[in-house]
Structures are given as C-alpha cells and as structure tokens.
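What follows is the residue order along each chain.
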Amino acid sequence: MAEQNLLIVNACLITGRGPVFPDGFVHISGSRIAALGPMSRCPKHGAMQVIDAHDRFVLPGFINPHMHLYGALACGMELPRMRHFGKVLKDLWWRLDAALELEDIFVSAMLGGVAAIRAGVTTLIDHHASYGAISGSLGAISEALGELGLRANLCFEISDRAGKGSRDEALAETGLWLESVRNWLAEEPQFLQRGMVGLHASMTVSDATCDAARELMDLFDVGAHVHVAEAMEDVAATKKKYRQRPVARLFKQGLLRPESIAVHCVHVDANDIRLLAKSAATVVHNPLSNLNNAVGVAPVPEMMQRKIPIVIGTDGMSAGVQDDLRVASVLHRPGAKDAQAGWSEVGHALFENAPSLVSRQFGFEVGTLGKNAAADLIIADARPATPVTKANVLAHVLFRVMTAPVRTTIVAGRVLMQDFEIPGLDEERLARDAQRCAKKLWKRMKMVR
C-alpha cells in the first residue's frame, strides 16, 4: 500500500500546545505530520491528496481518557428504580456485563467507535467488563476499533465480584492482551492499540488480586486503570474491610504510579489528594457521569493546586468529550463564587494533560499538532467569527468548535470520515445488528416486559 501523502489547506489551524495559524496548512506523510504552518509556506500540491478546509477550524483529535464501550446496548433499557450508586452497579451495569456475549461486545465497540469518529475523538482509553464473556473480549474490541482505524488503549476490569474463577480468567485475558500488544508492536511499531491493567475499584478487589495486577503491571511496564472513590460505597467498604481509604490502599499496593489512571476521585480528602500527587497518577474527571449517578462533584481545583494531572472523560455517557469539557469549565463556579473558575484548568486538561498521557502510552507525540507528531486531527464544521489567537483559542474551541459537528476525522494519516461520510461503513447493517443484539441481551437480562 502506498504511503499516505495528504495536504490540508486553508485551515484555521489550532495546534494545541503550539501556535495558532489563522490561515494554515498541514502536510501529512504516512502516519505522522511532516510539516505545518501558514499558507504562505505551504508546499506545492504535486501528487498529494488535498483537502480544502475552506477556513474551517482544524485541530488535534479529541482524546477520551475513560470510556466504557460495552455499555452501548443499554440505551433505552427499562430500568428499575435506582436511588443510589450501589443499586446502579448491581441492577444495571453488573447485570449487563454478566449477560454480554462476544458479538454484543464487538457490536458495542463498533457503535462507540463510529460515535467517536463522528465526535472527533481519535483516541479512546477504554475500560471493559463482560463477566459473561471474558476470554476473547479484548480481542473483539480490538477487531472493531482496528476495522474503524481508531487509536485506543484497552483493558479488562478485573474484579473479585464474580468469584475467584472469573477473577483468574480476567487476569489471564489481561495478560494475553498485553502480550499480544507487545508482539504486534515488535512487528508493526505504528500499531494503533495499547493496553493497561484494568481493575474495578478498591471495594471489589482483594489484596491477592491487587498483587496479581501489580505483577502484570511490572511485567509489561504499564499502569493501572481503576475507579477510585467514585461513590461513598467504595470509601465505606474499603474502610470497613481494609481500615483504609481507597486512595491510601491502592497507593500502598503500588497500583497508583505515573503510568496509572485514577478515575473519578470524587470522595477524596486532603490526605488522599496528597497521595495522588505523590503517585503522579493521572486523574480522570467525568463530570456528567458523576452528576448522572448523583455521586457528587470531584474536588478538581484542589487536586490541580497539588499539580495532579487532570483529564476529562465521559465514563461511557457518550463517546465524544465535548459536553463533559464544557460542563467541567463551569461546574465549580457556583461553589467558588468565581465566574471564571475552572477555565484555565479545562484548557490545561485538554491541551496539555490528555496529550501528555497518551503520548507516554504510545511513545511519541499524540494529541497535539507538530512536526513528527501523530497525524490525528479533525476538521470542525465551523469557521471563526472573530480573530483567533493563542491567548483566546480555548474560547473558540469551547464555544465554536464544540458546538458544531465534526466534518472530517483523520487518525494516523488515514481519513476515517470526510465531509461526514465514513467510507466502507454500512451503518444500516450496523444498526440492524445492534437492534438484534440488544433485544436478545435485554431478554437475557430480564429487562423487558
């Protein structure tokens, strides 16, 4: 296959960490960015494929650092009354993941992947659970996202909640996936997928499970991806059984480290925040999910004061991160009594922390546009209505880019969607497959009358 040679011209180019070019170009060679800058320096088109942005915003693809692709078939389910988070877990999510089959997992990943492409998300960090179909589940997700061409980091949610046999199978699935990634990378350094060691939460993982997870982390040199103090149930159960709070326990177990992702961190106190800072783990803030589940609001300003890297995810509420980023930008203002609280923090999460996290996982620059960086970028269906500068770029992204549909999505130089069309995708067939799988899944879960 010939190496991709693509030129995007006439772009209002937002590079992320770098400068802004109100009239710019991007030259893509293979899977990386070969050059970019003002149109006055644009190379001659030659034999290159040219995409004219027609003055629209061009920027790095979004990163969703905490996604649950397996939940795609839950939309519209007849749910029982669930007043607290423990009921949400037991009556919905644990029932669903225990009923999943491999076809459901593949179809769910396809649905979420297509939604990501349409939302301009080019990297998904997924946290998977399917205790009804453990073996082969990460392979099913990998196949779907590989077919679509998305960049991803996958893991299985290891837990003791389904018994020792299932826990051991989840550990084995994790090890096999990480070994597969290692082998693929040895053959193809540009492979678009990576892996982590996933864990549910402190309240459902024993010390022995933590030990086994840590051994996998050390063996494959990866971090943990774990829910931390999402709700008071996690705090109460961990204190009762282990006489520690979740952060302290996971820190002592060696699971929180610079490569790790600590998700939610809603119910953390001052000592928890101190330990999170000491661990150098990245915290994923999921504001809409936390509000939806009535678990509270994470103390993001306090964590950022301690230099904890914060990124914004969705927890499976959606594939796109735009709504969560916009909510995060205003969420803390009433409490702080400050009409600008959270503004710079969201900009830092978007342009600095999320790219840094994924760049470490992939070993090269991802999530920012620069020479030799990954050619992961999007064209929004919006043009600037006012001057765009480095100083005001966040306002343009939050209030123009994020309120418009994404027109074109490119990952590793491959055009996944152009002018709203995803080539090679039969969306009608995917919808039929999803309907068929959902009906069977709901029946197995006894979620239909």
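Refer to the preceding data block for the structure.
Residues numbered from 1 in each chain as written. Predicted model: local features only at pLDDT ≥ 70, side-chain atom pairs only at ≥ 80, totals over all residues. Heavy atoms only, no water.

Peer 1: Which parts of the structure should I look at to understand the sheet that holds strand β11 (residues 224–228)?
Peer 2: The strands making up a sheet associate through backbone hydrogen bonding, with each pair oriented either parallel or antiparallel. Read from one edge of the open sheet, 5 strands run β10-β11-β12-β13-β14, paired in parallel fashion. Each edge of the sheet is formed by a strand with only one pairing partner; in this case those strands are β10 (197–201) and β14 (310–312). Averaged over all adjacent pairs, the angle separating strand axes in this sheet is 25°, with direction ignored. (Pairing = 2+ DSSP bridges. Helix = DSSP H or I, 4+ residues; strand = E, 2+ residues; numbered from the N terminus. Axes fitted to C-alpha atoms, helices over the stretch in contact; angles between N-to-C directions.)

Peer 1: Please explain the pattern of salt bridges as it appears in this structure.
Peer 2: In a structure, side chains of opposite charge can pair up when their charged atoms sit close to one another. Across all of its chains, the model carries 23 salt bridges by this definition. A salt bridge links arginine 17 to glutamate 365; the nearest nitrogen and oxygen atoms lie 3.0 Å apart. Linking arginine 17 in the loop between β1 (5–14) and β2 (20–29) with glutamate 365 in the loop between α13 (343–362) and β15 (377–380), this pair joins segments that are 348 residues apart in sequence. For arginine 17, a relative accessible area of 26% gives the class partly exposed. In this structure, arginine 167 engages aspartate 168 in a salt bridge whose closest nitrogen and oxygen atoms are separated by 2.7 Å. By relative accessible area, aspartate 168 is classed as partly exposed at 31%. Linked by salt bridges that have partners in common, Arg56, Asp381, Arg407 and Asp419 make up one network. (Salt bridge = Lys/Arg side-chain N within 4 Å of Asp/Glu carboxyl O. Buried < 20%, exposed > 50% of the residue type's maximum accessible area, 1.4 Å probe, protein only.)

Peer 1: Would you take a moment to explain the packing of helix α3 (residues 137–148) against helix α4 (residues 164–187) for this structure?
Peer 2: Helix packing geometry: the angle between the two helix axes and the distance between the axes. Two elements in contact, α3 and α4, have axes separated by 9 Å at closest approach and are oriented at 40°. On the basis of the axis angle, α3 is oblique to α4. Counting all contacts with α3, which are made through Ser137, Leu138, Gly139 and Ser142, the residues of α4 involved are Glu173, Trp177 and Trp184. Of the residues that constitute the contact of α3 with α4, the class distribution is 3 nonpolar, 3 polar and 1 charged. (Parallel < 35°, antiparallel > 145°, perpendicular 65-115°, else oblique. Contact = heavy atoms within 4.5 Å. Nonpolar A, V, L, I, M, F, W, Y, C, P; charged D, E, K, R; others polar.)

Peer 1: Honestly, the layout of surface pockets in this entry has me stumped. Any pointers?
Peer 2: To find leftover empty space, a probe the size of one water molecule is rolled over the atoms. As a volume, the largest pocket reaches approximately 740 Å³. Forming the boundary of the largest pocket are 35 residues, of which Gly71, Trp93, Asp315, Gly316 and Met317 lie nearest the centre. Elements supplying a minimum of two residues to the lining of the largest pocket: α1 (85–99), α2 (102–119) and α9 (287–292). Here the lining of the largest pocket gets 7 residues from one element, more than from any other, and that element is α1. When grouped by side-chain class, the residues that make up the lining of the largest pocket number 19 nonpolar, 11 polar and 5 charged. (1 Å grid on protein atoms, 1.4 Å probe; cavity = no way out; pocket = protein on both sides within 12 Å on 5 of 7 lines; lining within 4 Å. Points joined across faces, edges and corners; volume = space filled by probe spheres on them.)

Peer 1: For this particular structure, what's the right way to read the sheet that holds strand β7 (residues 121–126)?
Peer 2: Here 4 strands make up an open sheet; going across it, the order is β6-β7-β8-β9 and the pairing parallel. Across the chains shown, the open sheet's two edge strands, defined by having one partner strand only, are β6 (62–67) and β9 (193–195). Mean inter-strand twist for the sheet, computed between neighbouring axes without regard to direction, equals 15°. Where β7 lies against strand β8 (residues 151–154), 3 bridges are found, and the strand directions are parallel.

Peer 1: Which parts of the structure should I look at to understand empty space enclosed by the protein?
Peer 2: Applying the stated criterion to the full structure yields 3 cavities of 30 Å³ or more. Here the largest cavity is characterised by a volume of approximately 160 Å³. Looking at the largest cavity, it is lined by 17 residues, and the ones nearest its centre are Gly61, Phe62, Ile63, Leu350 and Ala354. Counting only elements with at least two residues in the lining of the largest cavity, the list comes to β5 (57–60), β6, β14 and α13. Looking at which element gives the most residues to the lining of the largest cavity, the answer is α13, with 5 residues. Class assignment for the residues of the lining of the largest cavity results in 14 nonpolar, 3 polar and no charged. Approximately 70 Å³ is the volume attributed to the second largest cavity. Looking at the second largest cavity, the residues that line it are His285, Val300, Pro301, Met304, Ile310, Ile312, Ala328, His332, Gly342, Glu345, Val346 and Ala349. Looking at the lining of the second largest cavity, the elements with two or more residues in it are α10 (300–305), β14 and α13. Within the lining of the second largest cavity, the residues separate by chemical class into 8 nonpolar, 3 polar and 1 charged.

Peer 1: Help me out: how do you make sense of unusual backbone geometry in this one?
Peer 2: Leaving glycine out, the prevailing phi sign among residues is negative, and the prevailing peptide bond configuration is trans. Its identity as a non-glycine residue notwithstanding, lysine 337 has a phi of 55°, on the positive side. Along the chain, the position of lysine 337 falls in the loop between α12 (333–336) and α13. Under the relative-accessibility criterion, lysine 337 is labelled exposed at 79%. One non-glycine residue with positive phi stands out, namely aspartate 419, at about 50°. Note that aspartate 419 resides in the loop between β17 (414–417) and α15 (427–445).

Peer 1: Quick question: what am I supposed to make of the pairing of β2 here?
Peer 2: Each regular strand shows side chains that alternate between the opposite faces of the sheet. Of all 10 residues in β2, 7 are buried, a share of seventy percent or more. In this sheet, β2 lies alongside β1 in antiparallel orientation, the contact comprising 7 bridges. Across the sheet, leucine 6 pairs through a bridge with isoleucine 28, a residue of β2. Between the end of β1 and the start of β2, which pair antiparallel, lie 5 residues, with glycine 16 showing a positive phi angle near 100°. Where β2 and strand β3 (residues 32–38) come together, 6 bridges link them in antiparallel fashion. Residue pairing for β3: glycine 24 is matched across the bridge by proline 38.

The quantities given are spatial measurements derived from coordinates; they are silent on function.
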